[in-house]
Amino acid sequence: MQHVTFRQATPSDTDRCYEIESAAYPADEAATQEKIALRIARYPQGFLCMEQDGEIIGFINAGCAWEVVMSDEDFKELIGHDPAAPNAVIMSVVLHPAHQGKGLSTPMMQAFIGHMREQGKTAIYLMCKAQYQPLYKRFGYQFIKRSDSTHGGEEWFEMMQTL
């Protein structure tokens, strides 16, 4: 297992995080550079970067809501986000393609879950494609329902984990 560290994102991380997001997600699913910058600026406590040898290789970012509506596109711009809310809503879970398939998603997700617990969150929500449901189930997430979202023209599934 490769040694990695975790830290909160800063505005200077925007370009690298956008580079990773763009490399890992199809163009119609990736967050824009502006959205990444906004997420870091508005809720850096929910933007956890994973580093290896001083370079960001992946990240998870989220906002918080009192009432979770996973298909809400405005929430991706943190409209309705309240850092005091008990529910974390993940917007991106991403590893640079050069680091995928090396078992690094496990420590990254475990660190994020621990980080959200430390912040007093009571649940974490996410949407994923069908092929990722088994992965998230291993991390303790449970299937909720097929999502109303058609983001990127894909079918999405809502999952959550009680902390």
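The rules we used
Residues numbered from 1 in each chain as written. Predicted model: local features only at pLDDT ≥ 70, side-chain atom pairs only at ≥ 80, totals over all residues. Heavy atoms only, no water. Helix = DSSP H or I, 4+ residues; strand = E, 2+ residues; numbered from the N terminus. Rg over C-alpha atoms; globule rule 2.2 N^0.38 Å. Contact = heavy atoms within 4.5 Å. Phe/Tyr/Trp six-rings, centres within 6.5 Å; stacked < 30°, edge-to-face > 60°. Buried < 20%, exposed > 50% of the residue type's maximum accessible area, 1.4 Å probe, protein only. Salt bridge = Lys/Arg side-chain N within 4 Å of Asp/Glu carboxyl O.

Visitor: Would you take a moment to explain the overall build of the protein for this structure?
Guide: Of regular secondary structure, the protein possesses four helices and seven strands. Listed by position from the N terminus, the elements making up the protein come as β-α-α-β-β-β-α-β-α-β-β. Relative to the compact-globule value of 15 Å for 163 residues, the protein shows a C-alpha radius of gyration of 14 Å, a close match. For the protein, the spread of C-alpha atoms along the principal axes amounts to about 40 × 30 × 30 Å.

Visitor: So what exactly am I meant to see when it comes to the side chain of Gln133 here?
Guide: Counting through the fold element by element, Gln133 comes out in helix H4 (residues 133-138). Excluding its chain neighbours within four sequence positions, the residues that come into contact with Gln133 are Cys128, Phe143, Phe157 and Met159.

Visitor: Would you mind showing me how to read the packing of aromatic side chains here?
Guide: The way to describe two aromatic rings as a pair is by their centre distance and the angle between their planes. In this structure the tally under the stated criterion is four aromatic pairs. Pairing Tyr136 with Tyr141 gives two aromatic rings, centres 5.8 Å apart and planes at 80°, and the pair type is edge-to-face. The residues Tyr136 and Tyr141 share a single accessibility class, namely buried. Between the aromatic rings of Phe143 and Phe157, the centroid separation amounts to 6.2 Å while the plane-to-plane angle is 45°, which identifies the pairing as tilted. With Phe143 in strand E6 (residues 142-146) and Phe157 in strand E7 (residues 157-162), this pair connects stretches of sequence that are 14 residues apart. Given a relative accessible area of 42%, Phe143 falls into the partly exposed group. Cluster of aromatic residues (ring-pair linked, three or more members): Tyr136, Phe139 and Tyr141.

Visitor: Honestly, the pattern of salt bridges in this entry has me stumped. Any pointers?
Guide: Where side chains of opposite charge bring their charged atoms close, a pairing between them can arise. Inspection of the entire model under this criterion finds six salt bridges. Measuring nitrogen to oxygen at the nearest pair gives 2.8 Å for the salt bridge that ties Glu51 to Arg7. Of this pair, Glu51 sits in strand E2 (residues 47-52) while Arg7 sits in strand E1 (residues 5-8), placing them 44 residues apart in sequence. What makes Glu51 buried here is its relative accessible area of 14%. Given a relative accessible area of 26%, Arg7 falls into the partly exposed group. In this structure, Glu155 engages Arg146 in a salt bridge whose closest nitrogen and oxygen atoms are separated by 2.3 Å.

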